[in-house]
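Each chain, letter by letter, is given below.
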Amino acid sequence: KQEVTQIPAALSVPEGENLVLNCSFTDSAIYNLQWFRQDPGKGLTSLLLIQSSQREQTSGRLNASLDKSSGRSTLYIAASQPGDSATYLCAVRRETSGSRLTFGEGTQLTVNP
Amino acid sequence: NAGVTQTPKFRILKIGQSMTLQCTQDMNHNYMYWYRQDPGMGLKLIYYSVGAGITDKGEVPNGYNVSRSTTEDFPLRLELAAPSQTSVYFCASSYSTGGEKLFFGSGTQLSVL
């Protein structure tokens, strides 16, 4: 059974700091991995999607990496801003799971002005 | 551009009552999903649909039913509400099940008392 873990559960940083969020998964037979952002009382917004054949994806100040063999992904946020405060979730799609994504529990990020 | 629209945003039910959570998308997506999110937890898949007339169970389908009569709509039915169904429910859609990003609605917060 695929399990997805995100550490830390919560993170508080000063504005301007570069930071890394971690996601680990137990089964390396994945099809792709997505990073989502969730604001309080809102739905999830897909930030980056990495296919299993890719090593990283970039969008603006965000960079996500994937190491299938070690079962790890990281989300790097450069020059953090208060508007980055949100919960960040990763989700993996297994090769054999059809439409199912397995989600981590999320990292709650607070960027202090 | 509405995207994925869920109604209602909030609902309180008494044990044993029934209700339908509505979800509609205007992106002509084939795939639609219902997830539930319990406090501090990741999302768990309840049901999904790969097209009109086709539905399948996810991880936690017990106590729920779905139908997909049109491409746009994917309602979730709770027949006999139980306190264990207190959660936030998210509807999502994607064009395909492969390398496509998921688009989420803003959620329905349901309390069963």
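Further up the page is the structure itself.
All of the points below concern the structure found in this document. (Residues numbered from 1 in each chain as written. Chains lettered and ligands numbered in written order. Predicted model: local features only at pLDDT ≥ 70, side-chain atom pairs only at ≥ 80, totals over all residues. Heavy atoms only, no water.)

**Here we look at the overall build of chain B**
Reasoning step 1: The helix and strand tally for chain B stands at zero helices and eleven strands.
Reasoning step 2: Ordered by position in the sequence, the α and β elements of chain B form the string β-β-β-β-β-β-β-β-β-β-β.
Reasoning step 3: Counting only C-alpha atoms and orienting by the principal axes, one finds that chain B spans roughly 40 × 30 × 25 Å.
Reasoning step 4: In chain B, buried positions account for 44% of the 113 residues.
Reasoning step 5: Summarising the internal contacts of chain B: among those between residues at least 6 apart in sequence, 55% fall at separations of at least 24.
Reasoning step 6: A total accessible area of about 5300 Å² is found for chain B, and carbon and sulfur atoms account for 53% of it. (Helix = DSSP H or I, 4+ residues; strand = E, 2+ residues; numbered from the N terminus. Buried < 20%, exposed > 50% of the residue type's maximum accessible area, 1.4 Å probe, protein only. Contact = heavy atoms within 4.5 Å. Areas by Shrake-Rupley, 256 points an atom, 1.4 Å probe, with all protein chains shown as cover.)

**Re the sheet that holds strand β3 (residues 19-25) of chain A**
Residues and elements named next belong to chain A.
Reasoning step 1: In space, the five strands of this open sheet follow the order β1-β3-β8-β7-β6, with antiparallel pairing throughout. On the outer flanks of this sheet lie β1 (4-7) and β6 (56-59), each paired with one strand and no other. Each strand axis lies, on average, 15° off the axis of its neighbour in the sheet, ignoring direction.
Reasoning step 2: Judged from the six bridges that link them, strand β7 (residues 62-67) and strand β8 (residues 72-77) form a sheet pairing that is antiparallel. What sits directly across from A64, in β8, is L75. (Pairing = 2+ DSSP bridges. Axes fitted to C-alpha atoms, helices over the stretch in contact; angles between N-to-C directions.)

**A look at the pattern of salt bridges**
It is possible for side chains bearing opposite charge to pair when their charged atoms get close.
Residue and element names in this part refer to chain A.
Reasoning step 1: The full count for this structure, using the stated rule, is four salt bridges over all chains.
Reasoning step 2: R37 serves as the salt-bridge partner of D39, at 3.0 Å between the closest nitrogen and oxygen.
Reasoning step 3: According to the relative accessible area criterion, D39 is partly exposed, its value standing at 24%.
Reasoning step 4: As a salt-bridge pair, R61 and D84 come within 2.8 Å of each other at their nearest N and O atoms. Here the residue R61 occupies a position in the loop between β6 and β7, and D84 occupies one in the loop between β8 and β9 (86-94), the gap between them amounting to 23 residues. (Salt bridge = Lys/Arg side-chain N within 4 Å of Asp/Glu carboxyl O.)

**Overview of the sheet that holds strand β8 (residues 76-78) of chain B**
Residues and elements named next belong to chain B.
Reasoning step 1: Spatial ordering of the open sheet is given by β1-β3-β8-β7, a layout of four strands whose pairing is antiparallel. The two strands at the open ends of the sheet, each matched to only one other strand, are β1 (4-7) and β7 (64-66). When the angles between neighbouring strand axes are averaged without regard to direction, this sheet yields 20°.
Reasoning step 2: Relative to strand β3 (residues 19-25), β1 runs antiparallel, the two sharing four bridges. Directly across from T5, in β3, lies its bridge partner T24.

**Structural notes on the interface of chain B and chain A**
When the parts of a complex come together, some accessible area is lost, and that lost area is often taken as the interface size.
Reasoning step 1: Across the contact, 24 residues belong to chain B and 22 residues belong to chain A.
Reasoning step 2: By the criterion of area lost to chain A, the three top residues of chain B are K101, L102 and F104 of chain B, representing 25% of everything that side buries.
Reasoning step 3: Applying the counting criterion to the chain B and chain A interface returns zero salt bridges.
Reasoning step 4: On inspection of chain B and its partner chain A, the count reaches one residue pair in polar contact (both at pLDDT 80 or more).
Reasoning step 5: Broken down by secondary-structure element, the contributors of at least two residues to the side of chain B that touches chain A are β4 (31-37) and β5 (43-51) of chain B.
Reasoning step 6: The residue inventory of the side of chain B that touches chain A, partitioned by class, reads eleven nonpolar, nine polar and four charged. (Buried area = accessible area lost by both parts, 1.4 Å probe. Polar contact = N/O pair within 3.5 Å; in protein donor to acceptor, adjacent residues only side chain to side chain. Nonpolar A, V, L, I, M, F, W, Y, C, P; charged D, E, K, R; others polar.)

Purely geometric numbers; function is a separate question.
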